[in-house]
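Observations on chain architecture
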Amino acid sequence: MRLDRWTRGVAAGVLCLPLGCGDDGSLDPGRGSGTSTGLASPNDGDASTAEAPMPTTTGSADETETGSDDDSPSTTSTSGDSEDETGSTGGGGPPPVRPSAGCGLRAPATGAIAGETTTVGGVERSYDMFVPEPYDTEHPHALIFSYHGVGGTANTNQFRLDVFSEDDGGVSINVAPQGWGHPNWPENHFVPFSFDDSVTVFDQVLDRIAADYCIDLNRVFVIGNSNGGQMAFHLGCVRGDRIRAIVPNGGRCFSYGTGLCDPYNGAAAQTCAGEVMVLSVMGEDDTTRHADEEATREGYRVRQGCSDQTEARDPEPCLRYTGCVDGGEVAYCRIPELRHGLWAEGRRDMYDYMMSL
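Model, not experiment: these values are computed from the prediction.

**Here's the deal with the sheet that holds strand β7 (residues 215-225)**
The ten strands are arranged β1-β2-β4-β3-β7-β8-β9-β12-β11-β10 in an open sheet whose pairing can be described as mixed. Both outer strands of the open sheet, β1 (111-120) and β10 (310-312), are each paired with one neighbouring strand and no more. Pairs of neighbouring strands in the sheet enclose a mean axial angle of 20°, with direction left out of account. Sheet strands touched by helix α4 (residues 227-238): β3 (141-147), β7, β8 (245-249) and β9 (277-283). Its angle to β7, the strand with the most contacts, is close to 140°. Contacts from helix α5 (residues 290-303) reach β8, β9, β11 (319-321) and β12 (330-335) within the one sheet, and its direction differs from that of β12 by about 160°.

**Thoughts on the nonpolar core**
Of all hydrophobic cores here, the largest spans 45 residues; its most connected members are M129, F145, F202, Y213, I215, V222 and I246. Only β1, β2 (123-131), β3, β4 (172-177), α3 (195-212), β7, α4 and β12 provide two or more residues apiece to this core. Among the elements that take part in this core, α3 stands out by supplying eight residues, more than any other. Counting 26 residues, the second largest nonpolar core, distinct from the first, contains A142, L161, V171 and I335.

**Observations regarding the packing of α3 against α4**
Two numbers describe how α3 lies on α4: the axes approach to 11 Å, and their chain directions differ by 70°. When the axis of α3 is compared with that of α4, the two are roughly perpendicular. For the pair α3 and α4, the contacting residues are F195, S198, V199 and F202 in the first and M231, H234, L235 and V238 in the second. Grouping the constituent residues of the contact of α3 with α4 by class yields six nonpolar, two polar and no charged.

**Topic: the confidence of the model for the protein**
The predicted model of the protein averages 77 in pLDDT, with 69% of residues at 70 or higher. The low-confidence segment residues 1-88 (pLDDT under 50) makes 219 contacts with residues lying over four places distant or belonging to another chain.

**As for the packing of aromatic side chains**
Two descriptors summarise a pair of aromatic rings, namely the distance from one centre to the other and the angle between the planes of the rings. According to the stated counting rule, one finds seven aromatic pairs in the structure shown. Summarising the aromatic geometry, the rings of Y147 and F190 are spaced 4.8 Å apart at their centres and angled 85° between planes, so their arrangement reads as edge-to-face. Taken together, the residues span a long stretch of sequence, with Y147 in strand β3 and F190 in the loop between β6 (185-189) and α3 at a distance of 43 residues. Residue F190 is classed as buried on the basis of its relative accessible area, which comes to 0%. Both rings, one in Y321 and one in Y332, keep their centres 5.7 Å apart while their planes meet at 40°; by these two values the pair is tilted. Taken together, the positions of Y321 in strand β11 and Y332 in strand β12 put the pair eleven residues apart, joining distant regions of the chain. Like Y332, Y321 is buried. Over the face of the ring belonging to Y332 we find R297, whose NZ or CZ atom lies 3.6 Å from the ring centre.

**What to know about the packing of α4 against α5**
Packed helices, taken two at a time, are described by the angle their axes make and the gap between the axes. Running from N to C, α4 and α5 cross one another at 25°; their axes reach a closest spacing of 12 Å. With respect to α5, the element α4 is oriented roughly parallel. By crossing handedness, the relation of α4 to α5 is classed as left-handed. Residues F233, G236 and C237 of α4 form the contact with α5, whose participating residues are T296, Y300 and R303. When grouped by side-chain class, the residues that make up the contact of α4 with α5 number three nonpolar, two polar and one charged.

**Focus on α5**
Spanning 14 residues, α5 covers 20 Å between terminal C-alpha atoms, matching the ideal 20 Å at 1.5 Å per step. Within α5, ten of the 14 residues are buried, which leaves it mostly tucked inside the rest of the structure. Listing the buried residues of α5 in full gives H290, D292, E293, A295, T296, R297, G299, Y300, R301 and R303. Tucked into the core, α5 has its buried residues touching α4, β8, β9, β11 and β12. Just beyond α5, the residue with positive phi is G305, at close to 70°.

Conventions we followed
Residues numbered from 1 in each chain as written. Predicted model: local features only at pLDDT ≥ 70, side-chain atom pairs only at ≥ 80, totals over all residues. Heavy atoms only, no water. Pairing = 2+ DSSP bridges. Helix = DSSP H or I, 4+ residues; strand = E, 2+ residues; numbered from the N terminus. Axes fitted to C-alpha atoms, helices over the stretch in contact; angles between N-to-C directions. Contact = heavy atoms within 4.5 Å. Core = buried A, V, L, I, M, F, W, Y, C linked by side-chain atoms within 4.5 Å. Buried < 20%, exposed > 50% of the residue type's maximum accessible area, 1.4 Å probe, protein only. Parallel < 35°, antiparallel > 145°, perpendicular 65-115°, else oblique. Nonpolar A, V, L, I, M, F, W, Y, C, P; charged D, E, K, R; others polar. pLDDT = per-residue confidence, 0-100. Phe/Tyr/Trp six-rings, centres within 6.5 Å; stacked < 30°, edge-to-face > 60°. Lys NZ or Arg CZ within 6 Å of the ring centre and 35° of its normal. Left-handed = near helix turned anticlockwise from the far one by under 90°. Expected span 1.5 Å × (residues − 1).

Right under this line is the structure:
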């Protein structure tokens, strides 16, 4: 029987459920190409079918081998947050609960909410939401941003986030931004073609949800697949002061320029904010992306002062670097027999990882 994730530690004010406890064998133990029988998602195949593999190069432009250097983003400025910030949420042990301004207010809407919009640079950008029912106006919820792959669509349940939230008593509110379709790039990207705007969408949506709903501002998470995993890595750099942890699935950064999660010029070339915990998931057979993911992960390892030694951590077959400063963590999972696609059998584990922090 799964423990109630609303149970909190008295002193620390954090979720008391340890990672991975009591899964009751609900996950399909088989491993495949990212598709699991009985766990199919509308977006399971979007990245693996729409995103063509590309050779590893320094300064790669995009996930489709056809990007133009003119579309590369410039360094994003830090956000003017509407909430009172307390600095990094990544290290130093479990943070205290930090309720948003929306706590105590009646929710504008609950359940599956489609087609919410925000305007950035004169362009209307959409996102979908999931607010658990019944909704507790007095209990700060975790907030999870979920990013789809190239050619995909906004889907809060891509990683089964809605199902797991309901199963656990409504612990998380989930939001899924829609990628940007440029006339010359109609396949709905987040990076590189609209990186600055996509970061602004993140800021605006986070501020709006914090004002309207009861969330824990110290437990904002980002998970993404393929190009969405790339977005998760980049947000972990430029918005590490607002994000507790990122879980990129099949993601990697490219060298777009100093300050944008630049994995090939060392940590000194990165202009990153705060600290963020990392669990990077990638298939063993997703070989064209290994070098970029490893370079990206190395930047996070150096940034958090971790050693180059690893130890096993849940879920299997994940490893984490030891000796990270201030309670930080950089971990990675290479999934046997998985190509470029979702780690479908590990969705419960990825959700548990976020909810354990």
